[in-house]
Amino acid sequence: MLTLYQKLLAHFGDPQWWPAASREEMIIGAILVQNVSWKNTEKALQLVREKFGFTFLALREAPIEELAACVRSTRFYQSKAARLKAFAFWIEAQCKDNLDQLFARDLTELRRLLLLAPGIGPETADDILLYAANQPSFVIDTYTKRIMRRVGIGPERDSYEAWRAYFMERLPPDALLYNRYHALIDRLGNQLCRVKDPLCSDCPLKDCCVHARAKSLLD
Ligand code: SF4
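Residues numbered from 1 in each chain as written. Predicted model: local features only at pLDDT ≥ 70, side-chain atom pairs only at ≥ 80, totals over all residues. Heavy atoms only, no water.

## Quick word on the overall build of the chain
The helix and strand inventory of the chain stands at 13 helices and 0 strands. Secondary structure elements in the chain, listed N-terminal to C-terminal, are α-α-α-α-α-α-α-α-α-α-α-α-α. The C-alpha atoms of the chain give 18 Å as radius of gyration, which agrees with the globular expectation for 219 residues (17 Å, within 12%). By its C-alpha atoms, the chain is 60 × 35 × 30 Å across when sized along the principal axes. Evaluated residue by residue, the chain yields a buried proportion of 49% over its 219 residues. Counted over contacts in the chain with a minimum sequence separation of 6, partners at least 24 positions apart contribute 61%. Accessible area for the chain stands at about 11,000 Å²; split by element, carbon and sulfur atoms hold 51% of it. If the 30 positive side-chain charges of the chain are averaged to one point and the 27 negative ones to another, these points end up 5 Å apart. (Helix = DSSP H or I, 4+ residues; strand = E, 2+ residues; numbered from the N terminus. Rg over C-alpha atoms; globule rule 2.2 N^0.38 Å. Buried < 20%, exposed > 50% of the residue type's maximum accessible area, 1.4 Å probe, protein only. Contact = heavy atoms within 4.5 Å. Areas by Shrake-Rupley, 256 points an atom, 1.4 Å probe, with all protein chains shown as cover. Lys, Arg positive; Asp, Glu negative; His and termini not counted. Charge placed at Lys NZ, Arg CZ, Asp CG, Glu CD.)

In structure tokens, the structure reads:
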């Protein structure tokens, strides 16, 4: 797993992800980005920033219709607006908006807690753990599964938890490594390992990829 990471890092460089000025902004982005592109998430974040700012208090006080209008560029925007508000109330109940206090828990306990929060699934929880709390929790998304299946590796069971465990059992528990690895996978999935017609000849993983080898035999 480290070899793949090193190949990606050498090709793309340090991805410097997640692009947020505060942990609150990062968490709001993590909730909004589910099932939508980052470009559309950015549009929503810009409007939320201008209209309300990135505080949980502002989210709690925001009228739901106005918040929904701000996040319209994300899919299921009414549900996303409701999730933002619900999470802001949950944060108040958990730690009175004190993220240092919330994030002081160890990884297992904090993940268990986040998965109980309204509207937070495993991918969002791991985004928050890794990028806002700086804890080594590997994030799995559709890019990860697509690329690793094509390369020819992955767990036997196709569940989120099985994929996460597959990475975490093979990598040291290093938040910076997980941060960069996930971002590099997304960059590869976005730029080269596309759903249709992956650009294998430009890919840093082509020498160890089953899909690329099979493709070259057919060409
Ligand atoms: S070589 Fe092709 S199929 Fe394999 S990971 Fe790279 S782009 Fe995807």
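## Describing helix α10 (residues 142-151)
Since the α-helix turns once every 3.6 residues, residues separated by three or four places project in the same direction. Along α10, the residues that are buried comprise Thr144, Arg146, Ile147, Met148, Arg150 and Val151. Where the residues of α10 are buried, they touch α1 (2-12), α11 (160-168), α12 (175-191) and α13 (210-218). Of the residues flanking the end of α10, it is Gly152, one or two places downstream, whose phi is positive at about 110°.

## Here's the deal with the UniProt feature "domain: HhH-GPD" (unreviewed entry) in the chain
Here, the residues flagged by UniProt with the feature "domain: HhH-GPD" (unreviewed entry) are residues 32-191. For residues 32-191, helix accounts for 67% and strand for 0%, while the C-alpha atoms at its two ends are 22 Å apart. (UniProt positions renumbered as here; feature names shortened; annotations may be inferred.)

## Re the site of the ligand
The immediate surroundings of the ligand are formed by Arg150, Cys193, Pro198, Cys200, Cys203, Lys206, Cys209, His211 and Ala212. In the shell around the ligand, the residues fall into 6 nonpolar, 1 polar and 2 charged. (Near = heavy atom within 4 Å. Nonpolar A, V, L, I, M, F, W, Y, C, P; charged D, E, K, R; others polar.)

## Some words on the pattern of salt bridges
Side-chain pairs of opposite charge can arise where the charged atoms are in close proximity. One pass over the structure, following the stated rule, counts 13 salt bridges. We note a salt bridge from Arg60 to Asp97, for which the minimum N-O separation is 2.8 Å. Of the two residues, Arg60 sits in helix α4 (residues 56-61) while Asp97 sits in the loop between α6 (77-95) and α7 (99-103), which places them 37 residues apart along the sequence. The class of Asp97 is partly exposed, set by a relative accessible area of 22%. In the salt-bridge network here, residues are joined through shared partners; they are Arg111, Asp126, Glu161 and Arg164. (Salt bridge = Lys/Arg side-chain N within 4 Å of Asp/Glu carboxyl O.)

## Comments concerning the nonpolar core
Within the largest apolar cluster, 76 residues are counted, with the highest numbers of intra-cluster contacts made by Phe87, Phe167 and Tyr181. The greatest single-element share of this core, amounting to 8 residues, is contributed by α12. Each residue touching Phe167, except ones within four places of it in the same chain, is listed here: Met1, Phe138, Ile140, Thr144, Met148, Tyr181 and Ile185. (Core = buried A, V, L, I, M, F, W, Y, C linked by side-chain atoms within 4.5 Å.)

## Some details on the environment of Thr41
Note that Thr41 resides in helix α3 (residues 38-51). According to the relative accessible area criterion, Thr41 is buried, its value standing at 0%. Along the backbone, Thr41 and Phe56 are 15 residues apart, and their C-alpha atoms lie at a distance of 18 Å. The residues touching Thr41, leaving out its near neighbours within four places in the chain, are Gly29, Leu32, Val33, Val36 and Thr74. A polar side-chain atom of Thr41 sits 2.9 Å from the main-chain carbonyl oxygen of Ser37. (Polar contact = N/O pair within 3.5 Å; in protein donor to acceptor, adjacent residues only side chain to side chain.)

## What about the environment of Phe12?
Following the sequence through the fold, Phe12 ends up in helix α1. Using a relative accessible area of 17% as the deciding quantity, one classes Phe12 as buried. Through-space distance from the C-alpha of Phe12 to that of Arg187 is 8.1 Å; in sequence the pair is 175 residues apart. Look past the residues within four positions of Phe12 in its chain and what remains in contact with it is Leu184, Arg187, Leu188, Gln191, Leu192 and Pro204.

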